[in-house]
Amino acid sequence: MLLKNYFQNLKKEYSHYTFSNIAFDSSKVKKNYIFFAIKGNMHDGHLYINDAIKKGAKIIIHEKKFNGIKNGVLFLYSKNVRKKLAEFSFKINKSIPKNLIAVTGTNGKSSVADFYFQILKLNNIKVASIGTLGVKTNDSLLKLPNTTIDPLSLSQILKNLKKQKVDNVILEASSHGLVQNRLDGLKFEAGIFTNLSHDHLDYHKTMKNYLKAKLYLFQNLLKKNSKVVIDQSVPQNKIIKKICKNNLLNLNTISDNDKKAKIKIDNSYYDGDYQIVELKIKNKKYKLKINLIGKIQIKNLLMAIVVAENSKLSLDKIIRSIPKIKSINGRLENIDKIHNKSKVILDYAHTPDALKTVLVNIKDQFPNKMISIVFGCGGNRDKFKRPLMGRIVDQYCDKIYLTDDNPRNENPNLIRKEIKKGIKKKNFFEIKERKKAIDQAINDLKTGEILLVAGKGHEETQTYKNKEKFFSDRKIILNSINKKNKNLSQNIKINIISEQSNTKLKLNKLKINKAVINSKEVKKDDIFFTLKGKKNDAHNYLNEVFKNKASIAVVNKIHKNSKNTKQIKVKETLKFLSKSASIFRDNIDTHIIAITGSSGKTSLKDLLGFTLSKIDKTSFSRNSFNNKFGVPLSLFNIDQSDKYGVVEVGMDKKGEIDFLSKIIKPNVAVITNISYAHIKNFKNILGIAAAKGEIISNIKKGGSIVLNHDDKFFKYHHDLAQKKNLKIITFSSNKTSANIYLKKLIKKKKKYQLVIRVNDKENKFYVSNNFKNLISNILCAIAVISIYFDVSKLSQNIFKNIKNTEGRGDYKKIKIKNKIINLIDESYNSNPLSLKSSLANFDKININKKRKHIILGDMLELGKFSKKLHKEATKQINKISINKVNVIGKHILETYKKINKSNKGKILKNDSDLTNLIFNDLQNGDYLMVKGSNSTGLFNYISKLKRKNIHAL
């Protein structure tokens, strides 16, 4: 090779000089080599010039101001030998891949590079990444000593990649590599800047110098019109924009708020371990489900998406591959699975900013979770960061395990002492041996807790003094998890019970079927929660519980007379159940739908639960399990593998829904309507609306609220939901402005066809009747389903065979003596709104010359409004087609007084009167509707009647 082709401004007298190859390590010099004498931090290449000459070097490029020939050897001066080495290296091995991309910044380089690599690999495009993790190709991995290796080695790697027909290469450009000119001589098609924070100041001395090193990429190593990618929120944004303008570079930004950005993030929220991100790219919207921990990873991924387009890959293909992207080794990496749903996250964070960013991201994605950390600081590096990192973990972590990182040539005790200056937390453990610290931290993890093992990430060595030994955080984590799992049950509920009770009983092999609070309902392998009520103490029924083969009982006091030892004593059983249910809810991926409102909660819950069950695995609460006992019990009885869970939330007074929905933490909440139910505990109906609206504050971030557009408090709840930035879905029987509304109701022989508009698309469904509350429930159910599923794919008959919940409009023919009575059972509850709906439905029934009778009981819990509301009910009763209205109770007499004389039936005083009326006054084929609040006893009476328990009546 002719020297003048590689060395600019070479004197004519030296233009005939040739060389066979180059080296900067004297031991690798051969005959007719050029030796580059580099003055490094630890070694000065000038001291090895004679060794190089002895080995055959004929040309020396050095930093001493001498040009000329000594003893037949040509010496050439260069003020920057490193730069010359890089330029020679890439010119000699000029066969390099076409599409070179460089990524620089303090944190995130490896992630961006690996995400780009994965995108291309998933699309079957040959690709390579070069950096901290080594040289990765579609088929192999070669480990490297540095993030940005020496130019001679890099040029050879690039040459080999080109031979393999790899034309897309992304490499990490470290500040050391840039300032030492290791990439000079290369020209990049794209450059990415991730961020800048405190790091490497032992080398760069000041942040100004550190930034200058990073900016070298954009000022000197990019082709004209090449692509620059930056997060618009980083402070260095303005400087890089100016460089782009001056150097004619094509700037592409990632932003949360700038409409002009290449990629705008419209919305992002979490769904368990997943992140849901809504993007706008080139005026087109995309919704991505990403299996990565930490929002910071999203920015890194988006940067990779921008440069992936440089690789002749369409945006649609790129987007389709994103759900398959995995976290990279040691970068917010979720390691393996622990049976109690705790997590161990491995990360390379070894700077204050990186550590803070990782912890903030974990806290954001997993709010209210206990976070522990295992960390230390390396020796012979930036000492100023040590107390800073101590303060950061003290602020963001609940439990701290301080240990060694890579002490190198420093005393590890002194390193830890400097870190401890920033730590004040009492929950602190200093365990110098890193393996023991990791093992202890994992052993201490309770259900749902998170451990961050920080500092070493992907590294597989640990250095004490000059000794380097094999050490892999990942390998130790995996061994510790394996050990922990042997003492845990695969049933998360058992682990929660064990941890929360601190019981000495070994429960890991225990079986749990259902959680039960009624001793009569206990079956084999159930867990019984022993509650003490106003009338009964469940502790008195423990013998019965264990006779029915319950697996275990949670008690306030050990039942000494019971031979069964499977009793777990806790201070307060209800609090324990509520806490356990809350922890369980936090650690399942089930989407929880919570239903509240004044009327129709239970029937909607059942309809929605049955319908969702036809789509995917679904649990829903029994009966009206909607109070402080029923809600935690229903939650705890959800199967952890269920896709959906539907729970009902009731209340008597202010604050109860807030308390219960804090346990539920619903993904979706529904407010059916607002009426005077439970008005006795409120000044006015607005108080009820406010109390029902408490659920809005506890919907999970990124969640949805379903609202009844026909309700008079619709706007009130809509405004509350908007302030919480929730997705709002509305339904209506007639308002076309709602997302879901009833367009037509068509009678077709013995069924009805509902024509429903769902987000501007027409859908048809068949139902068995045209009752108003059924149609309203179907509209509401469709609103919920539309959040998760394409409604147009539902069967038209999905609602056809839906049956009303017992006591809420269910129909049954009752045979009494020699006659048949058509019973419409509305006996479970009654309030002004539900009574109005029941009467309207009863009026629609075609009786074919038969008679219609009503038995009305009191509407209870109406307080000072009771008299007024009972009177108002008469207006509707007098308008409908009915034969006789019979009443039972004190308050309902206000209704009875104003009923048309011809429709007045009997005033009943007790069950005996009810029985006489039904047995003697009703004729064969008559219709009877029974309506009253549950506390009137009508529901129990009618239940016995339906079961033909005549003697009980």
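## Topic: the state of the cysteines
Taken as a whole and judged by the stated rule, the model has 0 disulfides. No disulfide involves Cys 377; its sulfur sits 13 Å from that of Cys 397, the nearest cysteine. Cys 377 sits in the buried class, given a relative accessible area of 3%. Exposure remark for Cys 397: the relative accessible area of 1% places this residue in the buried category.

## Some remarks on the sheet that holds strand β40 (residues 852-857)
Reading across the sheet, the 6 strands line up as β38-β39-β43-β40-β41-β42 and stay open at both edges, with mixed pairing between neighbours. Each having just a single partner strand, β38 (810-816) and β42 (904-908) make up the two edges of the open sheet. Each strand of the sheet is rotated relative to its neighbour by a mean of 20°, with strand direction disregarded. In this structure, β38 lies alongside strand β39 (residues 819-826), joined through 7 bridges in antiparallel fashion.

## Quick notes on the nonpolar core
Formed by 115 residues in total, the largest nonpolar core has its most connected members in Ile 705, Val 706, Ile 756 and Phe 799. Among the elements that make up this core, the one with the highest residue count is helix α24 (residues 772-788) (11 residues). Not counting the four nearest positions on each side in its chain, Val 706 is found in contact with Val 668, Ala 669, Val 670, Ile 671, Ile 729, Phe 731, Cys 780, Ala 783, Val 784 and Ile 787. Ile 125, Ala 190, Tyr 286 and Ile 319 belong to the second largest nonpolar core, which has 42 residues in total.

## Some thoughts on unusual backbone geometry
If you check the backbone angles, Leu 248 has positive phi at about 55° while not being a glycine. Among the structural elements, Leu 248 can be located in the loop between α8 (237-246) and β13 (250-255). Residues other than glycine seldom take positive phi values, yet Lys 665 does so here, at roughly 45°. Structurally, the position occupied by Lys 665 is in the loop between α21 (656-664) and β32 (668-671). On the basis of relative accessibility, which here comes to 15%, the residue Lys 665 falls in the buried class.

About the cut-offs
- Residues numbered from 1 in each chain as written.
- Predicted model: local features only at pLDDT ≥ 70, side-chain atom pairs only at ≥ 80, totals over all residues.
- Heavy atoms only, no water.
- Disulfide = S-S within 2.5 Å.
- Buried < 20%, exposed > 50% of the residue type's maximum accessible area, 1.4 Å probe, protein only.
- Pairing = 2+ DSSP bridges.
- Helix = DSSP H or I, 4+ residues; strand = E, 2+ residues; numbered from the N terminus.
- Axes fitted to C-alpha atoms, helices over the stretch in contact; angles between N-to-C directions.
- Core = buried A, V, L, I, M, F, W, Y, C linked by side-chain atoms within 4.5 Å.
- Contact = heavy atoms within 4.5 Å.

Fair warning: the whole summary comes from geometry, so function is off the table for now.
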